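# Summary of the model geometry
Here's the letter readout for the chains.
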Amino acid sequence: MNLHVFESYEEMSVNVAQCIIDLVKEKPDALICLPGGSTPLGTYRELVKAVQEGRVDFSRVTFVGLDEFVGLGREDEGSCQHFLFTEVYGPLGIKESQIHLFDAKASDLQAECRRIDELLFRRGPLDLILLGIGVNGHLGFNEPGVSFDSYCHVVDLDEVTKTVGQKYFKEPKQLSQGITLGIKHMLEARKVVLAANGPQKAEAVYQALRGEVTPSLPASVLQTHPNAHFYLDKAAYAKVEETR
Ligand code: GLP
């Protein structure tokens, strides 16, 4: 595992953004998966700045969404897609034809899983997948107990995820299921970048890096990936540092 630790969230964000920019410069038609969540917001703002300054061109990149709350779509504030369109695709001027997201409102969610699986089998593997980490160690909606053998799937959300997920919504929200890329898509990606900041992530980061590789802590599977990078601020790194 490659560790990159930074003084602040801002510094972490600049460096995660640079990692994406470097990839796109090297491979302008890269296939990239970006997550929603609070963690990557600073990174996305840096990417927008880089495009405005003409430092990178995303016009040939293909984007795949990581996950979504079942029943929510692009127009629903708090959904992953709403966030991605507002913070990334819109400001970066990404065309609809470049974006592949789950339709989490579809009546046949298994068909949605197959559609994204097929895209990744055809166009993949992912050149880069950016991930956050849940306080319960989840990756996307690969919740504790997930099979490491899974591609796209629909999942009953963990109680922790339902509670923590309220932060994305203005009003209390009934969250029950998610649809997500599977751990196998992550393991097959050429490069994995996991970003985490803040003291609330310190335990999950510690378990992911130093604990046993176990489905109980899904992010621990990244210990088996040959090109996985953790980008952390000091607070998220604190427990690893403490036990060195
Ligand atoms: C959420 C999302 C993930 C995200 C993770 C961390 O529930 N399903 O895609 O990466 O949990 O979220 P945050 O960055 O808001 O802490």
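A separate point is the sheet that holds strand β8 (residues 177-180). Sheet strands line up and pair through hydrogen bonds in the backbone, either parallel or antiparallel. Overall, antiparallel pairing links the three strands, which are arranged β4-β8-β7 in an open sheet. This sheet does not close on itself; its edge strands, each paired only once, are β4 (67-69) and β7 (153-156). Neighbour to neighbour, the strand axes of the sheet diverge by 25° on average, direction disregarded. Where β7 and β8 come together, four bridges link them in antiparallel fashion. Opposite H153, over in β8, you have T180 as the bridge partner. Helix-sheet contacts for helix α4 (residues 109-123) involve β7 and β8, and the interaxial angle to β7 is about 130°.

What follows deals with the environment of V205. Here V205 lies in helix α7 (residues 202-210). Separated by 25 residues in sequence, V205 and F230 have C-alpha atoms that sit 8.9 Å apart.

Okay, α7 next. The set of residues buried in α7 consists of A202, A204, V205, Y206, A208 and L209. Where α7 is buried, its residues contact β1 (2-6), β9 (192-196), β10 (228-233) and α8 (234-242).

On to the pairing of strand β2 (residues 31-34). By the alternation rule, side chains of β2 split into L31 and C33 and I32 and L34, which are all buried. Inspection of the sheet shows β2 paired to strand β3 (residues 62-65) by four bridges, in the parallel sense. Within β3, the residue paired with I32 across the bridge is F63. Note that the unit made of β2, helix α2 (residues 41-52) and β3 has a crossover that is right-handed. Pairing between β2 and strand β6 (residues 128-131): two bridges, direction parallel. Its bridge partner being in β6, C33 is matched across the sheet by I129.

This paragraph deals with the environment of E11. Topologically, E11 is positioned in helix α1 (residues 9-26). Distance in space between the C-alpha atoms of E11 and E203 is 21 Å, their sequence separation being 192 residues.

Next up on the list: the nonpolar core. Judged by nonpolar contacts, the single largest core of 41 residues is most densely connected at L126, I129, L139, L181, V205 and L222. Of all the secondary-structure elements, those providing two or more residues to this core are β2, α4, β6, α6 (183-188), β9, α7, β10 and α8. Other than its neighbours up to four places away in sequence, L139 contacts L131, G132, T180, I183, M186, L194, P218, A219, V221 and L222. Counting residues in each nonpolar core, the second largest holds 34 residues, with I21, V88, I99 and Y231 among its members.

Let us now look at the site of the ligand. If you check the shell around the ligand, you find 13 residues, and the closest are S38, T39, D67, Y168 and K201. D67 places a polar side-chain atom, nitrogen or oxygen, 2.7 Å from a nitrogen atom of the ligand. For the ligand, an oxygen atom lies 3.4 Å from a polar atom in the backbone of G132. Coverage of the ligand by the protein amounts to 95% of the 390 Å² it exposes when considered alone. Among the residues forming the shell around the ligand, the class breakdown is four nonpolar, six polar and three charged.

The space that makes up the largest pocket amounts to roughly 690 Å³. As for the largest pocket, its lining consists of 38 residues, of which G36, G37, S38, K167 and Y168 are closest to the centre. Only β4, α3 (80-92) and α5 (159-164) provide two or more residues apiece to the lining of the largest pocket. Of the residues forming the lining of the largest pocket, the biggest block, five residues, is contributed by α3. The residue makeup of the lining of the largest pocket, split by class, is 16 nonpolar, 17 polar and five charged.

The relative placement of two aromatic rings is captured by the distance of their centres and the angle of their planes. As enumerated under the stated definition, the model contains nine aromatic pairs in all. Ring geometry for F69 and Y168: centres 6.4 Å apart, planes at 55°, overall tilted. Here F69 is found in strand β4, whereas its partner Y168 is found in the loop between α5 and β8, with 99 residues between them in sequence. The exposure class of Y168 is partly exposed, given its relative accessible area of 32%. For the ring pair F121 and Y151, a centre distance of 4.9 Å and an interplane angle of 85° mean the geometry is edge-to-face. A residue pair is termed long-range when its members are at least 10 positions apart, and F121 in helix α4 and Y151 in the loop between β6 and β7 qualify at 30 residues. Site record: aromatic cluster; members linked through ring pairs are F58, F63, F85 and Y89. Looking at R74, its charged tip hangs above the ring of F85, at a distance of 3.6 Å from the centre.

Each value, and the rule that gives it
- Residues numbered from 1 in each chain as written.
- Predicted model: local features only at pLDDT ≥ 70, side-chain atom pairs only at ≥ 80, totals over all residues.
- Heavy atoms only, no water.
- Pairing = 2+ DSSP bridges.
- Helix = DSSP H or I, 4+ residues; strand = E, 2+ residues; numbered from the N terminus.
- Axes fitted to C-alpha atoms, helices over the stretch in contact; angles between N-to-C directions.
- Contact = heavy atoms within 4.5 Å.
- Buried < 20%, exposed > 50% of the residue type's maximum accessible area, 1.4 Å probe, protein only.
- Right-handed = clockwise from strand over helix to strand, strands pointing away.
- Core = buried A, V, L, I, M, F, W, Y, C linked by side-chain atoms within 4.5 Å.
- Near = heavy atom within 4 Å.
- Polar contact = N/O pair within 3.5 Å; in protein donor to acceptor, adjacent residues only side chain to side chain.
- Areas by Shrake-Rupley, 256 points an atom, 1.4 Å probe, with all protein chains shown as cover.
- Nonpolar A, V, L, I, M, F, W, Y, C, P; charged D, E, K, R; others polar.
- 1 Å grid on protein atoms, 1.4 Å probe; cavity = no way out; pocket = protein on both sides within 12 Å on 5 of 7 lines; lining within 4 Å.
- Points joined across faces, edges and corners; volume = space filled by probe spheres on them.
- Phe/Tyr/Trp six-rings, centres within 6.5 Å; stacked < 30°, edge-to-face > 60°.
- Lys NZ or Arg CZ within 6 Å of the ring centre and 35° of its normal.

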